[in-house]
Amino acid sequence: MGKLLVYTTQHLETGGIESHLQEFCKNMAAAGAEIDLVVLNAAMLPETEAMYRKVCRKVYFGRHGRSYKRLAWLIKTGLQVRINRYDALYTNGQGNSPGLFAKLVRSKNWVHHHHTAGDAADQSSWSDDYAKTLKTANHVIACARRNANDMAAFLKRSIDTIPCFSRKVELGSHPVAATGEVNFGYFGRLIPEKGIDLICRLSEEPELKDIRFNIWGEGPKYPSSYFDGFKNVYYHGTYTGKEGLTNAIAKLDAFLLLSTHPEGLPISLLEVMSAGVPWMATNRGGIADIACDPVSTRLLPNVDNYDQVKQAITQLHHDIVAGKVSRETQVELYEQNFSSAALVKQWSNKLF
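Below, the structure is looked at part by part.

## Some remarks on the packing of aromatic side chains
Turning to step 1, where the next piece is worked out: Scanning the model with the defined rule gives 17 aromatic pairs in all.
Turning to step 2, where the next piece is worked out: With a centroid separation of 6.4 Å and 80° between ring planes, the pair formed by Phe 184 and Phe 213 is classed as edge-to-face. Note that Phe 184 is positioned in strand β8 (residues 182-187) and Phe 213 in strand β9 (residues 211-216), a separation of 29 residues in sequence.
Turning to step 3, where the next piece is worked out: Arranged with centres 4.8 Å apart and planes meeting at 20°, the rings of Phe 227 and Tyr 235 form a pair that is stacked.
Turning to step 4, where the next piece is worked out: Of the residues examined, Tyr 235 reaches a relative accessible area of 25% and is grouped as partly exposed.
Turning to step 5, where the next piece is worked out: Put simply, the rings of Tyr 222, Tyr 226, Phe 227, Phe 230 and Tyr 235 touch in pairs and so form one group of aromatic residues.

## Remarks on the environment of Pro 262
Turning to step 1, where the next piece is worked out: Position of Pro 262 relative to the elements: it lies in the loop between β11 (254-257) and α10 (267-274).
Turning to step 2, where the next piece is worked out: The exposure class assigned to Pro 262 is partly exposed, which follows from its relative accessible area of 23%.
Turning to step 3, where the next piece is worked out: A sequence separation of 145 residues divides Pro 262 from Ala 117, and the C-alpha atoms of the two residues are 5.1 Å apart.
Turning to step 4, where the next piece is worked out: Setting aside residues no more than four positions away along its own chain, Pro 262 makes contact with Thr 116, Ala 117, Asp 122 and Arg 284.

## A closer look at the sheet that holds strand β4 (residues 88-92)
Turning to step 1, where the next piece is worked out: Ordered by their spatial adjacency, 7 strands build an open sheet running β3-β2-β1-β4-β5-β6-β7, and the pairing between neighbours is parallel. One side of each edge strand has no neighbouring strand; the edge strands of this open sheet are β3 (58-61) and β7 (160-161).
Turning to step 2, where the next piece is worked out: One ladder, built from 4 bridges, connects strand β2 (residues 34-42) with β3; its direction is parallel. Following the sheet pairing, Val 39 is matched in β3 by Phe 61.
Turning to step 3, where the next piece is worked out: Running at roughly 150° to strand β1 (residues 3-11), helix α4 (residues 97-105) makes contact with β1, β2, β4 and β5 (110-114) of the sheet.
Turning to step 4, where the next piece is worked out: With respect to the sheet, helix α6 (residues 128-136) is in contact with β5 and β6 (139-142), its orientation differing from that of β5 by roughly 125°.

## Re the nonpolar core
Turning to step 1, where the next piece is worked out: Membership of the largest hydrophobic core comes to 86 residues, with the highest contact counts inside it found for Phe 24, Tyr 52, Phe 184 and Trp 347.
Turning to step 2, where the next piece is worked out: Element by element, the count of residues in this core is highest for helix α11 (residues 306-321), at 6 residues.
Turning to step 3, where the next piece is worked out: Not counting residues up to four positions away in its chain, the partners in contact with Trp 347 are Phe 24, Met 28, Tyr 90, Val 111, His 113, Ile 141, Ile 162, Pro 163 and Phe 165.
Turning to step 4, where the next piece is worked out: Counting residues in each nonpolar core, the second largest holds 24 residues, with Tyr 60, Leu 74, Val 140 and Met 151 among its members.

## So, unusual backbone geometry
Turning to step 1, where the next piece is worked out: Of note, the phi angle at Arg 85 is positive, near 50°, even though the residue is not glycine.
Turning to step 2, where the next piece is worked out: The topology assignment puts Arg 85 in the loop between α3 (67-81) and β4.
Turning to step 3, where the next piece is worked out: What makes Arg 85 exposed here is its relative accessible area of 71%.
Turning to step 4, where the next piece is worked out: Despite not being glycine, Lys 156 has its phi angle at roughly 60°, a positive value.
Turning to step 5, where the next piece is worked out: With respect to the helices and strands, Lys 156 occurs in the loop between α7 (145-155) and β7.
Turning to step 6, where the next piece is worked out: Judged by its relative accessible area of 74%, Lys 156 is exposed.

So, how was this worked out
- Residues numbered from 1 in each chain as written.
- Predicted model: local features only at pLDDT ≥ 70, side-chain atom pairs only at ≥ 80, totals over all residues.
- Heavy atoms only, no water.
- Phe/Tyr/Trp six-rings, centres within 6.5 Å; stacked < 30°, edge-to-face > 60°.
- Helix = DSSP H or I, 4+ residues; strand = E, 2+ residues; numbered from the N terminus.
- Buried < 20%, exposed > 50% of the residue type's maximum accessible area, 1.4 Å probe, protein only.
- Contact = heavy atoms within 4.5 Å.
- Pairing = 2+ DSSP bridges.
- Axes fitted to C-alpha atoms, helices over the stretch in contact; angles between N-to-C directions.
- Core = buried A, V, L, I, M, F, W, Y, C linked by side-chain atoms within 4.5 Å.

Okay, structure coming up:
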């Protein structure tokens, strides 16, 4: 291992990439990497900040609201850390700042991690400066093979694939209630693109009355009062830490990601996969990479056809109650390809 500089555009209190970065730093540091961390927009929880200060050699957290102050801070910090001569620079996040920071640092091995779908819809959102980042970094890493293929065709360069880090959740036996009532759910950011409104609409269907729809997360468009009108939606607020994640997943018979977001390879799916919980998700980005069997991991072509989605949810419910859904295959695949031990080896080979 060697000296690693990690840069990310922002770190909020919760989020899939925030979870990845925490696990990335913890696991790479435990494997022997000396990590310095730079966050342009740091809005993390105090306990998260304390964790980074513990596992990293140095941390630099930007907290400037105005864009010109952020730019000044970024330039000052980049010039400050450049003297350390890192073995590698890992950048994460879209926008113009990763490329600028890489120019300031002048690392001999710049690895940029792109974590959204990389398809045509995603490509249309890239600024010219961000497209240049993807063309000039020494290595560009996508989080799934499908994403890498789409990006390689557009950028006309090789794109590597390494999954994101996720937290492994281990559960005991999980019998389905004798009444046939099952718990479906979603946790993560509460934004329209994640299918929150669709879940609420499904909860009102008489044919789905035996399904309890559970939601964890927060977002300005979805205060707790939003869910008051849906008697079969159970809003649990937010959770923190591994214990909160485990408690949420332990309640679920199935996880739903009815998304229109340009998903890369969602951390939430990897986490429920580690516990063997069956899931249904829109076929976006790299999600198909972890669809290991058509019974416990189900793909929807899109969520535009409401009747099709409703029928798919109904069938999943019936199959779970009938005992047709196994949890073992997902757990085995996770251990082989997505465990922390597997990912430390892959990231180490690329960075050092």
